[in-house]
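Each chain is listed here by its residues.
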Amino acid sequence: MPASHFHRIHRSGWLRAAVLGANDGIVSTASLIAGVAAAQGSHGAILTAGLAGLVAGALSMAAGEYVSVQSQSDVERADLRMEQSSLLRNSAVELQELADIYVNRGLPAGLAMQVAQALTAHDALDAHARDELGISKITRARPVQAALASASSFAAGAALPLALAVLVADPALILPVTGVGSVACLGLLGAVAAWAGGAPKVRAVVRVTLLGVVAIAVTAGVGSLFGVAA
């Protein structure tokens, strides 16, 4: 028997939101902690800033992701309503349109019409949604799922640099410890995301760590430049 194939496209919606949330959580919270630490803030001020960043960021990610994906969902529903109306009013035209799609994909005209008729009899709207509009059950927008994935993954990512800051008693050590630990977490996140998506791991790790280093370093530089000793 031939080996079965394991496809990952069904993960695309939640994986994108989760990776984005976790990456943003690590980078933004680590950068915020680094900025306050570089400004010579007290240990309490650093932890307060990190915790505030976690809560605000998680809520912001959830709201932003929900609004964004809900807009996509609204467009999909509007197109489906339009297609449903056209199926009721112009069924013959829609049938020929579906057959033409299959002809353009390489089927002979007669077979294409047979396939179109069979799929129309089974579920006409589903056939047109998938083959005409490009809307499938796998890739369809899910606002609530995306919002929950973004918020929870942001909070999980933000908790990592915040935990490092909590464990380090000396404020002078918070910046290097949080910076190095956060970059290591970003590398791990890049590797896991690449594995889950079937992408090259080295490229993903290098990309996410370099961007994280730049963000943390710039924010620490701003804190050092404008900070005042507590």
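Residues numbered from 1 in each chain as written. Predicted model: local features only at pLDDT ≥ 70, side-chain atom pairs only at ≥ 80, totals over all residues. Heavy atoms only, no water.

### Remarks on unusual backbone geometry
Item 1. The backbone phi angle of Gln40 is positive, close to 65°, even though this residue is not glycine.
Item 2. Structurally, Gln40 can be placed in the loop between helix H1 (12-38) and helix H2 (43-89). (Helix = DSSP H or I, 4+ residues; strand = E, 2+ residues; numbered from the N terminus.)

### Brief notes about the environment of Ser91
Item 1. Structurally, Ser91 can be placed in helix H3 (residues 91-104).
Item 2. On the accessibility criterion, Ser91 (47% relative accessible area) is partly exposed.
Item 3. Placed 33 residues apart in sequence, Ser91 and Ala124 show a C-alpha to C-alpha distance of 9.4 Å. (Buried < 20%, exposed > 50% of the residue type's maximum accessible area, 1.4 Å probe, protein only.)

### A few points about the UniProt feature "transmembrane region" (unreviewed entry) in the protein
Item 1. UniProt records the feature "transmembrane region" (unreviewed entry) at residues 14-39, 45-67, 146-167, 173-196 and 208-229, using the numbering of this structure.
Item 2. Taken end to end, residues 45-67 is 100% helix and 0% strand, and its first and last C-alpha atoms sit 32 Å apart.
Item 3. A helix fraction of 100% and a strand fraction of 0% characterise residues 146-167, whose end C-alpha atoms lie 32 Å from each other. (UniProt positions renumbered as here; feature names shortened; annotations may be inferred.)

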